[in-house]
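Structural overview for review
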Amino acid sequence: MTLTPAASAQVAQWDGAELAQLSIHQRIVIRIPRILGRRPEQKSEPAAVRWVEKKGPRCVPMSALEGAIITGGDSVDLIVADGTRLRAGFDDDCPALDFYSGLYVKGTTDGMICADRDSIRSRSGSVCRIDGFKRLVAKR
């Protein structure tokens, strides 16, 4: 059986059916809690530790972040699972005081939070782009 041009035109019609495209977008947000005081395993640490900034990594795995401490006006200290402390620095237009109730990081496909690429968000809606990370070492 062969189709005539008129028959093939009838096959191409969908009897009123409509075609549509559906896009699903996922958004993952990681909450990093604010740490108040010292962790239990740090009881022997003196109350007033002075930190020295050293060269830090460009990126940090999001899954390794345990908490945040607000220590300065233009930065937030991040506590990493291995005990490392990193300072995430912001530009001058972004006060860290907005992060006193905790902060959020938008999930990325590579699972990393990187300087000059990612931002930290406050619960109130403020967004601060990370300029860089500094590794903090206790001054002796």
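For the structure given in this document, a descriptive report is provided here.

Okay, the nonpolar core next. Formed by 21 residues in total, the largest nonpolar core has its most connected members in Val76, Leu78, Phe90, Ile113, Ile120, Ile130 and Phe133. At the level of elements, strand S4 (65-70), strand S5 (75-80), strand S6 (85-90), strand S7 (103-106) and strand S10 (127-138) are the ones that each hand at least two residues to this core.

Taken together, the side chains of Asp74, Asp91, Asp92, Asp93, Asp116 and Asp131 make up a negatively charged region of the molecular surface. With respect to the secondary-structure elements, Asp131 resides in strand S10. When its relative accessible area of 37% is taken as the criterion, Asp131 is described as partly exposed.

A few words now on the environment of Arg87. Tracing the backbone shows Arg87 in strand S6. Placed 17 residues apart in sequence, Arg87 and Ile70 show a C-alpha to C-alpha distance of 9.7 Å. Of the polar contacts made by the side chain of Arg87, one reaches the side chain of Glu53; its length is 3.1 Å. Within polar-contact distance, the side chain of Arg87 engages the side chain of Asp77 at 2.7 Å.

Rules used throughout
Residues numbered from 1 in each chain as written. Predicted model: local features only at pLDDT ≥ 70, side-chain atom pairs only at ≥ 80, totals over all residues. Heavy atoms only, no water. Core = buried A, V, L, I, M, F, W, Y, C linked by side-chain atoms within 4.5 Å. Buried < 20%, exposed > 50% of the residue type's maximum accessible area, 1.4 Å probe, protein only. Helix = DSSP H or I, 4+ residues; strand = E, 2+ residues; numbered from the N terminus. Patch = residues over 30% accessible without salt bridge, like charges linked within 9 Å, V, L, I, M, F, W, Y side chains within 5 Å. Areas by Shrake-Rupley, 256 points an atom, 1.4 Å probe, with all protein chains shown as cover. Salt bridge = Lys/Arg side-chain N within 4 Å of Asp/Glu carboxyl O. Lys, Arg positive; Asp, Glu negative; His and termini not counted. Charge placed at Lys NZ, Arg CZ, Asp CG, Glu CD. Polar contact = N/O pair within 3.5 Å; in protein donor to acceptor, adjacent residues only side chain to side chain.

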